[in-house]
Amino acid sequence: MAMINYSTILSPLLAAIMIYSVSANFHQDVEITWGDGRGQITNNGDLLTLSLDKSSGSGFQSKNEYLFGKIDMQIKLVAGNSAGTVTAYYLKSSGSTWDEIDFEFLGNLSGDPYTLHTNVFTQGKGDREQQFKLWFDPTIDFHTYSILWNPQRIIFSVDGTPIREFKNMESQGTLFPKNQPMRMYSSLWNAEDWATRGGLVKTDWSKAPFTASYRGFSEEACVVSNGKSSCSNGSGQGSSSGSWLSQELDSTGQERMRWVQSNYMIYNYCTDAKRFPQEYREKMAVSATKKPLLLLSLFFFVVAASAGNFYESFDITWGDGRAKILEDGQLLTCTLDKISGSGFQSKKEYLYGKIDMKLKLVAGNSAGTVTAYYLSSKGATWDEIDFEFLGNLTGQPYTIHTNVFTGGKGDREMQFHLWFDPTADFHTYTVHWNPVNIIFLVDGIPIRVFKNNEKNGVGYPTSQPMKIYSSLWEADDWATQGGRVKIDWSNAPFSASYRSFNDQSACSRTSNATWVACDANKDSWMWTSLNNHQYGQMKWVQDEFMIYNYCTDYKRFPQGLAKECNL
């Protein structure tokens, strides 16, 4: 296949360029290439359907090849239990060093949202996935999915709303698809080994055949035929100003994309440090869409970098000597006896951050004790993000109590047991708080997410700086079995231990310092949300170890559950 240099396409006479532009007739525009009759064109060429059963899926491809274009397709996805199915709609060149621009729709159980998976391949290399949930049900009606591909950028859009931009950053060493003509392909196929919750949920063949429907195909594009582009010599069918050849996102488009990525993005390869070595991740980040700051207040942050020395990071605030810093600042202990407990707080305050702390909890009969580790602001309308560890009788599990307060209001408790003994060794407890969500993690496994749903009237901590606090104290009036089991003071003193504090990914200041700008484009933790694998981990925890959820407690909230419980 002939290779075409895009520089021959860009002419100062864009207004005179002839662009191939058609509206759909599937008989004329595509060929059904596989499926043994499972792909069908009906309604005089206005409708195309693909079906999947246990024997085979089906697919089609465009008759034309494109080198840049704006391609639209209206799709209605598989309804009901679509778990294990994938509906793919993409552009792709041929050969072993192919280019590709992907939409893939990963099915799910009835009532659970589809995952929209996007990717860009250049010269056979991909690994540039971004995934989203949608803000509507894509199975009820047709919605338009668009790929705008020009020499400067690729824009993925849904119903005209941009969700992702991949810029041409060849000047910085990032490959961009520019020379290889691509066809449009679409298919419906079985991918139960990975598509739904990482392969945990399989295809239910009793629901087959599965069907996806297509209409409204539109191609405003440079069509390649016999090695020549309809845009390079003024020939072609139909005419257009060719504005898409230089189109970029205006401020409204950027704002709409930020809204999608803040509220509906669930995975971004540019924030997946575990999957990619650091040096490669930094290189990839150059090509990712740079996300401007969501809030003006973000311009007043400074990135903190503490190495976990408790002398440098914390002040012991109460307990009359019962809290101690040991081992040259590498260990902190809090104790509780019948006279007093003890506690400490961070020297810095934070407005967003990923905060890690290793704790080893009170061993033996810890009934009536509470070890608290939390972030809190000041004042009567404070914000707060809580881990509290409620002790128990010897041999009985601890209860992890989590809560989120906004504007002084909490009542958002979720409680868990643990899948290990938290008193035998140190374990890492993490609060990951950013403008998108608050994630509670234990040893890197997410147990709870509280999303920013301010647009739906749900409070979210966005403006009040918080300090880190921790304490060990007596709460035998409520902590263990609702207060029925009291503290056994013959086992005092009780002791909890702390190591390896880490606030390297955080925006902070000390009391006498001014805030300086965090770089939201470099600090990927500021936009992190859970990927599919992490959602699977959290579901496992919540299915197996959650013992209380405020979102299911109708007796406690007879006037109705909190708004976020229904979102």
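Residues numbered from 1 in each chain as written. Predicted model: local features only at pLDDT ≥ 70, side-chain atom pairs only at ≥ 80, totals over all residues. Heavy atoms only, no water.

Student: A description of the overall build of the chain should follow, citing residues and the corresponding values.
Tutor: If you tally the helices and strands in the chain, you get 5 helices and 30 strands. A total of 567 residues make up the chain; the buried ones form 57% of that total. For the chain, long-range pairs separated by at least 24 residues make up 69% of all intrachain contacts whose partners lie at least 6 apart in sequence. Of the accessible surface of the chain, which amounts to about 24,000 Å², a share of 48% is contributed by carbon and sulfur atoms. (Helix = DSSP H or I, 4+ residues; strand = E, 2+ residues; numbered from the N terminus. Buried < 20%, exposed > 50% of the residue type's maximum accessible area, 1.4 Å probe, protein only. Contact = heavy atoms within 4.5 Å. Areas by Shrake-Rupley, 256 points an atom, 1.4 Å probe, with all protein chains shown as cover.)

Student: Any details on the nonpolar core? Residues and values, ideally.
Tutor: Ranked by internal contacts, the top residues of the largest apolar core, which has 61 residues, are Y429 and W433. Setting aside its immediate chain neighbours within four residues, W433 contacts Y350, L351, Y352, G353, L375, I385, I438, Y460, P461, Q464, M466 and W525. (Core = buried A, V, L, I, M, F, W, Y, C linked by side-chain atoms within 4.5 Å.)

Student: Explain the side chain of E564 to me, and be specific about the residues and the numbers.
Tutor: Mapping E564 onto the fold places it in the segment after β30 (546-549). Residues in contact with E564, not counting those within four places in the same chain, are R412, F450, V458 and Y550.

Student: Give a detailed account of the side chain of T139, specifying residues and quantitative values.
Tutor: By the secondary structure assignment, T139 is in the loop between β9 (130-132) and β10 (143-149). A relative accessible area of 16% places T139 in the buried class. Polar contacts involving the side chain of T139 include one to the side chain of D137, which spans 2.7 Å. In this view, T139 contacts K76, L77, V78, A79 and Y114; residues no more than four positions away in its chain are not counted. (Polar contact = N/O pair within 3.5 Å; in protein donor to acceptor, adjacent residues only side chain to side chain.)

Student: Pulling in residues and values, what's your account of the packing of aromatic side chains?
Tutor: Scanning all chains against the criterion turns up 35 aromatic pairs. Measuring from centroid to centroid gives 5.2 Å for W540 and F545, while their planes differ by 75°, and the two rings are edge-to-face. Here W540 falls in the partly exposed class, since its relative accessible area comes to 39%. Since its relative accessible area comes to 18%, F545 is described here as buried. Between K92 and the ring centre of W98, over which it is positioned, the NZ or CZ distance is 5.1 Å. (Phe/Tyr/Trp six-rings, centres within 6.5 Å; stacked < 30°, edge-to-face > 60°. Lys NZ or Arg CZ within 6 Å of the ring centre and 35° of its normal.)

Student: Just give me the short version of the environment of S56, but keep the residues and values in it.
Tutor: Mapped onto the elements, S56 comes out in the loop between β4 (47-52) and β5 (58-76). Residue S56 is classed as buried on the basis of its relative accessible area of 19%. For the pair S56 and D36, spaced 20 residues apart in sequence, the C-alpha separation works out to 8.3 Å. Beyond its immediate chain neighbours, meaning those up to four positions away, S56 contacts W34, G35, R38 and S51.

Student: I'd love a proper account of the confidence of the model for the chain, names of residues and values included.
Tutor: Overall, the predicted model of the chain reaches an average pLDDT of 85, with 86% of residues at or above 70. This model gives residues 233-240 a pLDDT under 50, and the stretch forms 16 contacts once residues within four places in sequence are excluded. With pLDDT under 50 throughout, residues 278-307 is counted as low confidence; its partners more than four residues away or in other chains account for 88 contacts. (pLDDT = per-residue confidence, 0-100.)

Student: Give a description of helix α2 (residues 251-263) that names residues and reports values.
Tutor: In a regular helix each residue adds 1.5 Å, so 13 residues correspond to 18 Å; α2 covers 18 Å between its end C-alpha atoms and thus fits that length. The set of residues buried in α2 consists of G253, Q254, M257, R258, V260, Q261 and S262. Where α2 is buried, its residues meet β9, β12 (161-167) and β16 (265-268). For α2, the N-terminal cap is D250; the gap from its side-chain oxygen to the backbone nitrogen of T252 is 3.2 Å. (Expected span 1.5 Å × (residues − 1).)

Student: Can you lay out the pattern of salt bridges for me, pointing to particular residues and giving the numbers?
Tutor: A complete count under the given rule lists 16 salt bridges for this structure. Of the charged contacts in the structure, one is a salt bridge between D503 and K348, with a shortest N-O distance of 3.9 Å. In this pair, D503 is assigned in strand β29 (residues 494-510) and K348 in strand β20 (residues 342-360), connecting sequence segments 155 residues apart. Overall, K348 belongs to the buried group, its relative accessible area being 17%. Sharing partners across several salt bridges, the network here consists of K409, D411, E413 and R556. (Salt bridge = Lys/Arg side-chain N within 4 Å of Asp/Glu carboxyl O.)

Student: Provide a residue-level description of the state of the cysteines, including the pertinent values.
Tutor: Cysteine pairs can be covalently joined through their sulfur atoms, and such a bond is termed a disulfide. Following the criterion strictly, the structure yields 2 disulfides and no others. Each disulfide pairs two cysteine sulfurs, and for C222 the partner residue is C231, the sulfurs being separated by 2.0 Å. Torsion about the S-S bond of the C222 and C231 cystine: about -95°, corresponding to left-handed handedness. (Disulfide = S-S within 2.5 Å.)

Student: Break down unusual backbone geometry for me, citing the residues and quoting the values.
Tutor: Note that the residue after A208, namely P209, is joined by a cis bond; omega there is 0°. That bond from A492 to P493 is cis: its omega, 0°, falls within 30 degrees of zero. Within the secondary structure layout, P493 lies in the loop between β28 (466-474) and β29. In this model, D127 sits at a positive phi of 60°, which is unusual for a non-glycine residue. According to the relative accessible area criterion, D127 is partly exposed, its value standing at 29%. Backbone geometry places D443, a non-glycine residue, at a positive phi of 50°. Tracing the sequence through the fold places D443 in the loop between β26 (437-442) and β27 (445-451).

Student: Give me the environment of H27: which residues, what numbers.
Tutor: One can find H27 in helix α1 (residues 26-29). Separated by 18 residues in sequence, H27 and G45 have C-alpha atoms that sit 5.3 Å apart. Apart from the residues lying within four places of it in its own chain, the contact partners of H27 are I41, N44, G45 and K63.

Student: Go over helix α5 (residues 532-545) with me, naming the residues and quoting the values.
Tutor: Note that an α-helix has 3.6 residues per turn; residues three or four places apart therefore point the same way. For α5, spanning 14 residues, the distance from its first C-alpha to its last is 20 Å, which sits close to the expected 20 Å at 1.5 Å a residue. Every buried residue of α5 is listed here: N532, Q534, G536, M538, V541 and F545. Residue N531 occupies the N-cap position of α5, its side-chain oxygen lying 3.1 Å from the main-chain nitrogen of H533.

Student: Go over the environment of R509 with me, naming the residues and quoting the values.
Tutor: Summarising the element assignment, R509 is placed in strand β29. The sequence separation of R509 and E349 amounts to 160 residues, and the corresponding C-alpha distance is 5.7 Å.

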